[in-house]
Amino acid sequence: MKKTSFVAGLLILSANTAFAQQAPSDASKPPLGFFVTSVGSGKGADLGGLAGADAHCQKLATDAGAGNRTWRAYLSTQATADQPAINARDRIGNGPWANANGAIVANDVAHLHGDTVELGQLGNNVHRTTNLTEKGAQINGVGATPNQHDLITGSKPDGRAYTDAADHTCKNYTSSGEGSVRVGHSDRTNRGATGGNVSWNSTHDSKGCSQENLVSTGGAGYFYCFAAD
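Figured I'd write up the structure that's included with this text. (Residues numbered from 1 in each chain as written. Predicted model: local features only at pLDDT ≥ 70, side-chain atom pairs only at ≥ 80, totals over all residues. Heavy atoms only, no water.)

1. Here we look at the overall build of the chain
Here is step 1: A tally of regular secondary structure across the chain gives six helices and eight strands.
Here is step 2: For the chain, the sequential pattern of α-helices and β-strands runs α-β-α-β-β-β-α-α-β-α-β-β-α-β.
Here is step 3: Here the chain, with 229 residues, has 46% of them falling under the buried criterion.
Here is step 4: Intrachain contacts of the chain at a sequence separation of at least 6 include 65% that bridge at least 24 residues. (Helix = DSSP H or I, 4+ residues; strand = E, 2+ residues; numbered from the N terminus. Buried < 20%, exposed > 50% of the residue type's maximum accessible area, 1.4 Å probe, protein only. Contact = heavy atoms within 4.5 Å.)

Structure (structure tokens):
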């Protein structure tokens, strides 16, 4: 009995240690700095432009008790006759960023995007179990009903805007009709993508810009929000 109790005690101690490494205590838990929106605009990829998307991030963060920080949507815009392109990576601050559970998803912009060979091999910590909403809920991925893993980014894998003539941003997030938007997969799976792409921020283009179009390809109009301060 003593041997059994000793082994059981070691197992419990090991489990508690592992949990402590994954979930910081409230005292040491870093502030919320990253989340996936729990709701979209309701108008597909029409988010009211960057200003509307940022305001949506700010509101959700405020509702979650993190409104004291400056929030930005992880979205790139394409150049127009009146405005230069804007890169998502340039909007989100310097990091590090923690999710609702206190897990660091990336240390900085270079780590987030794998800017060097070493960082690319290391990889960021953005995946199915860390892509949480501001409320701490996981996003439905492949295998869940409904699948909502398509997250709007309008970005290339390096976090920069597209420079070709095609529309990758649903007219810079003002259209719920014509156009298309680039999405990433929150669960890092390649269903619905081509070439085995498992990118968190640039997997494929949507079929269109309406809410129905986004839902039909495995999305709901959700996007990433980062604390930029």
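2. Quick look at the nonpolar core
Here is step 1: Within the largest apolar cluster, 24 residues are counted, with the highest numbers of intra-cluster contacts made by Trp-71, Leu-75, Ile-152, Val-181 and Phe-223.
Here is step 2: Breaking this core down by element, the ones donating at least two residues are α2 (49–63), β2 (71–73), α5 (170–173) and β8 (219–227).
Here is step 3: Top element by residues in this core is α2. It accounts for five residues.
Here is step 4: With sequence-adjacent residues up to four places away left out, Phe-223 is seen in contact with Phe-35, Val-36, Thr-37, Leu-47, Ala-53, His-56, Cys-57, Ala-73, Leu-75 and Ile-152. (Core = buried A, V, L, I, M, F, W, Y, C linked by side-chain atoms within 4.5 Å.)

3. Focus: the pairing of β8
Here is step 1: By the criterion of burial, β8 is predominantly enclosed, with nine of the nine residues buried.
Here is step 2: Bridge analysis of strand β1 (residues 34–36) against β8 gives three bridges, and the strand direction is antiparallel. Paired with Phe-34 across the strands is Phe-226, a residue of β8.
Here is step 3: Looking at chain direction, β2 and β8 are connected through three bridges and run antiparallel. Note on β8: the bridge partner recorded for Trp-71 is Ala-227. (Pairing = 2+ DSSP bridges.)

4. Description of the pattern of salt bridges
Here is step 1: Within the structure shown, the criterion is met by seven salt bridges.
Here is step 2: For Asp-54, the salt bridge identified is with Arg-91, shortest N-O distance 2.6 Å. With a gap of 37 residues between them, Asp-54 in helix α2 and Arg-91 in the loop between β2 and β3 (97–98) connect regions that are remote in the sequence.
Here is step 3: Taking the relative accessible area as the measure of exposure, Asp-54 reaches 12% and is therefore buried.
Here is step 4: Of the charged contacts in the structure, one is a salt bridge between Asp-158 and Arg-160, with a shortest N-O distance of 3.3 Å. (Salt bridge = Lys/Arg side-chain N within 4 Å of Asp/Glu carboxyl O.)

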